[in-house]
Amino acid sequence: MLTAAQRKTIDSKWNPTRWPTGPAYDYARAMHRRSYQFYCDRIQHLGFGGGAVLEAGCGTGTWCFALLTAFDKVAGVDFTQERIDVANWLKARFRLKKPEFRKGDIRAISFENETFDAVFCSSVLLGGVPLEKAYAEFHRVLKPGGVAYVELNGLGYGYSLFRETGPRHEIGGHTIYNSLCQRRLSRTVAQIRAASTAHATAFESAGAASDLLKAVGAEPDAVAAAEAIEALGDGYPALLLKDVRDIGQGTRDKFSQPSGGRGYEPEELEAVARQTGFRRFEWSHEGWLSLQDDGTVRKGTSAVAPPFSQPFFEGHLRRFETLSWK
Ligand SMILES: C[S@@+](CC[C@H](N)C(=O)[O-])C[C@H]1O[C@@H](n2cnc3c(N)ncnc32)[C@H](O)[C@@H]1O
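As a starting point, this report considers the structure included with it.

About the thresholds
- Residues numbered from 1 in each chain as written.
- Predicted model: local features only at pLDDT ≥ 70, side-chain atom pairs only at ≥ 80, totals over all residues.
- Helix = DSSP H or I, 4+ residues; strand = E, 2+ residues; numbered from the N terminus.
- Rg over C-alpha atoms; globule rule 2.2 N^0.38 Å.
- Buried ≥ 20, exposed ≤ 12 C-beta atoms within 10 Å, placed from the backbone.
- Contact = placed C-beta atoms within 7 Å.
- Core = buried A, V, L, I, M, F, W, Y, C linked by C-beta atoms within 7 Å.
- Near = placed C-beta within 6 Å.
- Nonpolar A, V, L, I, M, F, W, Y, C, P; charged D, E, K, R; others polar.
- Pairing = 2+ DSSP bridges.
- Axes fitted to C-alpha atoms, helices over the stretch in contact; angles between N-to-C directions.
- Parallel < 35°, antiparallel > 145°, perpendicular 65-115°, else oblique.
- Left-handed = near helix turned anticlockwise from the far one by under 90°.

1. Let's talk about the overall build of the chain
A count of helical and extended segments in the chain gives 14 helices and 11 strands. Expected size for 326 residues packed as a compact globule is a radius of gyration near 20 Å; at 22 Å, the chain falls within 12% of this value. For the C-alpha atoms alone, the extent of the chain along its principal axes is close to 75 × 45 × 35 Å. Across the 326 residues that make up the chain, the buried fraction comes to 42%. Within the chain, contacts between residues separated by at least 24 positions form 68% of all contacts whose residues are at least 6 apart in sequence.

This is the structure:
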């Protein structure tokens, strides 16, 4: 935990007028546009606190400095050395001995089993790390009864990026493509492969992947996912049609995954958390979960530290957060 004087020092040095140059510093500067108090209030609203916490994918350490107000021991792990360097630069600037920042991969966390009372993981699971791997590691490093907080993007995040103009547009489109393929279409792979000979003419002539999926008798939600991809326009309908044809011909065994991450649905996380051995799972919109002293969870926003974004975009869940108990 921090003394009042230490908190005051962090507060006064939180947003330097002149940041060193470099992409990792630019990231930190963007994070520090919100006050230190904002992040502390979010941790307080979440009701997190106690002995030891690990931030998995800590970036430049923003949340770690806030977690210091609630935990005795804070460690942050990130596999990008430049971000760890910035976190250590900030730690020196704040004249702190904690947190401990380590370069490392959350797929193989370099801490002993049952080291932490809590794991905090915000905006890290964007598709690059399989959920199963991350949850297995979180479970391993947690003490019995420990709790993992995971915040991540839903499909609405991809749509909100996609509707923006400019360079992020493509990332949004890729994110929607990856989300819909992995969540809804990947289970059609065997069906497409099996049906390709019987429906050879359809595979030759279909102008849209959704027509092909209908022809092979795919589930309505898979067809709807294909139609949603086709509605994006740009190169996505052609990419999907090629993927389905290639899968049918056996030249590829899964859908493309253009770089840009993916969004998840809470049910996917719950299934993985429970398979990994977590015994209780709660989710709500980003910034809504609030752990109470009696172990119950309240769901609602904090007036002093409101969520980063609205819960939905065009009807799709945008960002959500989860708690899983070991
Ligand atoms: C969007 S940033 C979020 C950083 C921080 N949690 C925050 O909210 O400011 C995602 C971070 O996750 C890190 N990351 C992604 N995959 C990782 C992995 N497998 N192991 C460790 N860090 C990872 C990246 O280096 C990056 O700093």
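Alright, that's what it looks like, and here's the rest.
2. Thoughts on the nonpolar core
Core analysis: the biggest nonpolar cluster contains 86 residues, and L67, V119, Y149, L213 and A226 have the highest contact counts within it. The residues touching V119, leaving out its near neighbours within four places in the chain, are L54, A56, F138, V141, L142, A148 and Y149.

3. Considering the environment of E282
Tracing the sequence through the fold places E282 in strand β6 (residues 280–285). Sequence separation between E282 and P266 is 16 residues; the distance between their C-alpha atoms is 9.1 Å.

4. Structural notes on the site of the ligand
Taken together, 18 residues sit near the ligand, with G57, G59, F79, T80 and I106 positioned nearest. Per-class residue counts for the shell around the ligand are 7 nonpolar, 7 polar and 4 charged.

5. Structural notes on the sheet that holds strand β2 (residues 71–78)
With mixed pairing, the 7 strands of this open sheet are ordered in space as β3-β2-β1-β4-β5-β11-β6. The sheet terminates laterally at β3 (100–103) and β6, the two strands that pair on one side only. In this sheet, neighbouring strand axes are inclined to one another by 15 degrees on average, regardless of whether the strands run parallel or antiparallel. With 6 bridges joining them, β6 and strand β11 (residues 319–325) adopt antiparallel strand pairing. When the sheet's bridge partners are listed, E282 is paired in β11 with L323. Sitting on the sheet, helix α6 (residues 131–141) is in contact with β1 (50–56), β4 (116–122) and β5 (142–153), with an inclination near 150 degrees to β5.

6. Concerning the packing of α6 against helix α14 (residues 266–276)
Interhelical geometry of α6 versus α14 gives an angle of 45 degrees and a closest axis separation of 9 Å. Between α6 and α14, the angle falls in the class oblique. Taken as a pair, α6 and α14 cross one another with a handedness that is right-handed. Across from L131, E132, Y135, A136 and H139 in α6, the residues of α14 making contact are E268, L269, V272, A273 and T276. Its residues assigned to classes, the contact of α6 with α14 shows 6 nonpolar, 2 polar and 2 charged.

Keep in mind that these numbers describe shape and distance, not what the molecule does.
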